[in-house]
Amino acid sequence: MHLSSPLKKGSEDPYVKTAQQQLIALGYSLPRYGADGDLGDETLRAYGEFLVLEGMRAPTDEVPKSITVPGAAALDRAFTGIPPVVQGHKYFDERNKHPHDGRSKSYPYMKWSEVKAIVLHQTATQLGEKPERWHSVPIHFGITRSGKTIQLYDLTEVCNHAGNFNRWTVGVEIDGWFAGVEGRAETLWQPKPPAPKRTAMNLPAAQADAARACVKRIIDIVAANGGKVTHIHPHRQSSGDRQSDPGSLIWQAVGLWAQQQFGLSDGGKSYKIDTGRTIPVDWDSRYAGNKY
Ligand SMILES: [Zn+2]
């Protein structure tokens, strides 16, 4: 979006909201007012910090009095240039390195306004740390055991990751085999012999952190494009044979965390679609009576 004349404090020009969403996506917080479309001191202060980092303004305590045309252009450039997940060297953009076979044939793209939810998965295998190992996985993001974030698809591509959830969700696969319910060995999915018997994996801190950062980033990017993520779901809710997906450990570390941090919903105690199963009380103590 291009600006033709500067915007003064107090402006409610439609561009103000765009600038606010771009600042948020770039990591500048607007804690009190958010992207409210009103150009106040909070936004101008964040904009000033952005200009300082861009080398377009000397560091000073003064809050800029307006958003200038070159300032807005720099903001646009910075916003366009950010990868959808920024985690320094640990973010791997693999989107252009594979044929996108995991995209829905009948409904390949959704609009930003249709992206409503995030679905969490466990891979139930070990894909490992090499990004190319993930190319055939029909998922937007993979999170490795060491905390790498691997992006495989654009957020608006409809991937075949979770049945009828696909058309409004972004998927995150967390690598490893995890118990359906922590501490209950019988809830860990076992491969057929002669494959060796598995014992449940833990969730390393770096992997949990990366998964949480990925969730936050998805929410921010969707917001910056005019949409709104309102829900987070376990794959289990859409598929009966994915009972342990993603398991209590991941659900509590990432799914419940996202609900508390961002006010997302899991659909509630009796929510499921198709053959899916409700969230068990073993995963969420609010849901007394829900069986694993
Ligand atoms: Zn899954």
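Residues numbered from 1 in each chain as written. Predicted model: local features only at pLDDT ≥ 70, side-chain atom pairs only at ≥ 80, totals over all residues. Heavy atoms only, no water.

**Q** In this structure, what is going on with the nonpolar core? I would like to understand it.
**A** For soluble globular proteins, nonpolar side chains are generally found buried alongside one another. I118, L120, V172, I174, V215, I218 and I232 are the most contacted members of the largest nonpolar core, which has 36 residues in total. The set of elements that each furnish at least two residues to this core consists of strand 4 (117-122), strand 5 (141-143), strand 7 (169-174), helix 4 (205-224) and helix 5 (248-262). Ranked by residue count, the leading element in this core is helix 4, at nine residues. Those residues in contact with L120, other than ones at most four positions away along the chain, are V172, V215, I232, H233, P234, H235, D245, P246, I250, W251, V254 and G255. Counting residues in each nonpolar core, the second largest holds 19 residues, with L7, A19, L23 and A74 among its members. (Core = buried A, V, L, I, M, F, W, Y, C linked by side-chain atoms within 4.5 Å. Buried < 20%, exposed > 50% of the residue type's maximum accessible area, 1.4 Å probe, protein only. Helix = DSSP H or I, 4+ residues; strand = E, 2+ residues; numbered from the N terminus. Contact = heavy atoms within 4.5 Å.)

**Q** In this structure, what is going on with the coordination of the zinc ion? I would like to understand it.
**A** Under ideal tetrahedral coordination, the four donors around a metal are separated by 109.5 degrees; under ideal octahedral coordination, the six donors are separated by 90 or 180 degrees. Looking at the metal site, the zinc ion is ligated by H121 (ND1), H235 (ND1) and D245 (OD), spaced 1.8 to 2.1 Å from it. One chain supplies every donor for the zinc ion, spaced along it as H-x113-H-x9-D. Taken together, the positions of H121 in strand 4 and H235 in the loop between strand 8 (231-234) and helix 5 put the pair 114 residues apart, joining distant regions of the chain. An identical accessibility class is assigned to H121 and H235; each is buried. (Donors = N, O, S within 2.8 Å, 3.2 Å for Na, K, Ca; no water.)

**Q** Is there a simple way to explain the sheet that holds strand 8 in this structure?
**A** What links the strands of a sheet is backbone hydrogen bonding, and the strands pair in either a parallel or an antiparallel sense. The strand order across the open sheet formed by six strands is 3-6-5-7-4-8, and the pairing between neighbours is mixed. Only two strands of the sheet have a single neighbouring strand rather than two, namely strand 3 (91-93) and strand 8. Put simply, the sheet's adjacent strands are angled 20 degrees from each other on average, direction ignored. Note: strand 3 against strand 6 (residues 149-151), three bridges, orientation parallel. Each residue of the ladder has a partner; that of F92, found in strand 6, is I150. Along the sheet, helix 4 makes contact with strand 4, strand 5, strand 6, strand 7 and strand 8, crossing strand 5 at roughly 160 degrees. (Pairing = 2+ DSSP bridges. Axes fitted to C-alpha atoms, helices over the stretch in contact; angles between N-to-C directions.)

**Q** Please clarify how the side chain of S104 should be interpreted in this entry.
**A** Counting through the fold element by element, S104 comes out in the loop between strand 3 and strand 4. Polar side-chain contacts of S104 include one of 2.9 Å to the backbone nitrogen of Y107. (Polar contact = N/O pair within 3.5 Å; in protein donor to acceptor, adjacent residues only side chain to side chain.)

**Q** When you look at helix 4 in this model, what are you seeing that I'm missing?
**A** Residues three or four positions apart in an α-helix share a direction because the helix packs 3.6 residues into each turn. In this model helix 4 runs 28 Å from its N-terminal to its C-terminal C-alpha over 20 residues, within 8% of the 28 Å that 1.5 Å per residue would give. Directly beyond the C-terminal end of helix 4, a positive phi value near 90 degrees is found at G226. (Expected span 1.5 Å × (residues − 1).)

**Q** I tried to follow the packing of aromatic side chains on my own but got confused; where do I start?
**A** The geometry of two aromatic rings is summed up by the distance between their centres and the angle between their planes. Here the structure, examined in full by the defined rule, presents three aromatic pairs. Taken together, a centroid distance of 6.5 Å and an interplanar angle of 35 degrees make the contact between W251 and W283 tilted. Separated by 32 residues along the polypeptide, W251 in helix 5 and W283 in the segment after helix 5 bring together distant segments of the chain. Classification of W251 by relative accessible area gives buried; the value is 0%. When the ring centre of W177 is taken as reference, the NZ or CZ atom of R198 above it lies at 4.0 Å. (Phe/Tyr/Trp six-rings, centres within 6.5 Å; stacked < 30°, edge-to-face > 60°. Lys NZ or Arg CZ within 6 Å of the ring centre and 35° of its normal.)

**Q** Just checking my understanding: could you explain the domain arrangement of the protein chain for this structure?
**A** Think of interface size as the accessible area that goes away when the parts come together; that is how it is often given. For the protein chain, the domain assignment lists domain 1 (7-81) and domain 2 (91-262). On a C-alpha basis, the centres of domain 1 and domain 2 stand 33 Å from each other. The interface is formed by four residues belonging to domain 1 together with four residues belonging to domain 2. It is Q21, A25 and F79 that lose the most area in domain 1 upon contact with domain 2, and together they represent 82% of the buried surface on that side. Counting across the domain 1 and domain 2 interface gives zero salt bridges. Applying the counting rule to domain 1 against domain 2 returns zero residue pairs in polar contact (both at pLDDT 80 or more). Sort the elements by how many residues they give to the side of domain 1 that touches domain 2 and helix 1 (residues 14-25) lands first, with three residues. Of the residues belonging to the side of domain 1 that touches domain 2, the class tally is three nonpolar, one polar and no charged. (Domains from an automatic or database assignment. Buried area = accessible area lost by both parts, 1.4 Å probe. Salt bridge = Lys/Arg side-chain N within 4 Å of Asp/Glu carboxyl O. Nonpolar A, V, L, I, M, F, W, Y, C, P; charged D, E, K, R; others polar.)

**Q** How do you make sense of the pairing of strand 4 when you look at a structure like this?
**A** On a regular strand, each side chain points to the face opposite its neighbour's, so the side chains alternate between the two faces of the sheet. Counting buried positions along strand 4 gives six out of six residues, so the element sits mostly inside the fold. Residues A117, V119 and H121 of strand 4 are buried on one face, and the alternating residues I118, L120 and Q122, pointing to the opposite face, are buried as well. When strand 4 meets strand 7, the two strands line up parallel, connected through six bridges. Within the sheet, the bridge partner assigned to V119 lies in strand 7 and is G171. Two elements, strand 4 and strand 8, share four bridges in a ladder whose sense is parallel. Across the sheet, A117 pairs through a bridge with H231, a residue of strand 8.

**Q** Any chance you could explain the pairing of strand 7 here in plain terms?
**A** Most of strand 7 is tucked away, with six of its six residues classed as buried. Burial of the side chains of strand 7 extends over both faces: T169, G171 and E173 are buried on one face and V170, V172 and I174 on the other. Where strand 5 lies against strand 7, three bridges are found, and the strand directions are parallel. Across the sheet, residue F141 finds its bridge partner in strand 7, namely V172.

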